[in-house]
Amino acid sequence: MILPLLVGLFLGAPLISREVEHGTHRFVWTQDVSRLRWALVKFGLVGAVTVLLAVVYALGVSWWYEPLAANGNGRFGYLWFDVQGIAPIGYTLFAVSLGIFAGTFARRVLPTMAVTLAGFAVVRIAVETLGRSHYMPAKTLNYGLASSQGPNPASSEWILSQGLRDGAGKLVRENAQVGCPPTNEDKSGASSCLEQMAHQGLGPGSHNWQVYQPGDRFWAFQSIETGIFLALAALLVFLAVRRIRHIA
């Protein structure tokens, strides 16, 4: 989880701030090599190393997690989604770009690292909690209390919300599901279970309800989230190049 941040802190944050803090930028940026060329070469080399590191640990974790995902753990779970697939590549490039950009303002290594840490955490948490579930329209599933048409545990679906609704569609219990025996398999068991539910206020027409993202959307969500962080990284690099021109 913290590898992208560490790369940003130790590769991106010192790139500009260390030069300015030590005063070496006065020598480096007054030679035949222009500031723009210096920045593009530096950013290009750091970016290449960053991509290599990110690809290695992202694919490594994906390979390691594959048996767990196949056993029904899914890939959408919080924390797990963030450490596999291609998303870590976007996170890492974003962290490095944020460190570089922060260095053009803070101009000291430690404050730059602090800004990078705070900014990375804020953006990651905001995207994960506010944005991710809305990348694609969620699906809704309704099925009876004694139905055999319920969700498939092996489908790795990401359940956003669930509960029990009465016959009128009103949510009567949140974050709860009832699994009575299907009536076509165990009529007596299903009847007994449904009677118990009726005593608890779940009469005829009551059903389980879920809002979810299908498990087969994992790579689509990975692509969308990676694209968001790559776009942010490109914007930060562009702004950093512009800022370098104004550093005395």
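Here is a short report on the structure shown in this document. (Residues numbered from 1 in each chain as written. Predicted model: local features only at pLDDT ≥ 70, side-chain atom pairs only at ≥ 80, totals over all residues. Heavy atoms only, no water.)

A word on the pairing of strand β2 (residues 158-165). In this sheet, strand β4 (residues 207-213) lies alongside β2 in antiparallel orientation, the contact comprising seven bridges. Bridging across to β4, Ile159 finds its partner in Tyr212. In the sheet, β2 pairs with strand β3 (residues 171-174) via three bridges, with the strands oriented antiparallel. Counterpart to Gly163 in the pairing with β3 is Glu174. (Pairing = 2+ DSSP bridges. Helix = DSSP H or I, 4+ residues; strand = E, 2+ residues; numbered from the N terminus.)

Ile16, Phe43, Ile100 and Phe120 are the most contacted members of the largest nonpolar core, which has 34 residues in total. Elements that contribute at least two residues to this core include exactly α1 (3-22), α3 (35-73), α4 (87-106), α5 (109-131) and α7 (218-244). Of all the elements, α4 adds the most residues to this core, at eight residues. Membership of the second largest hydrophobic core comes to eight residues, among which are Leu164, Val178, Cys180 and Leu202. (Core = buried A, V, L, I, M, F, W, Y, C linked by side-chain atoms within 4.5 Å. Buried < 20%, exposed > 50% of the residue type's maximum accessible area, 1.4 Å probe, protein only.)

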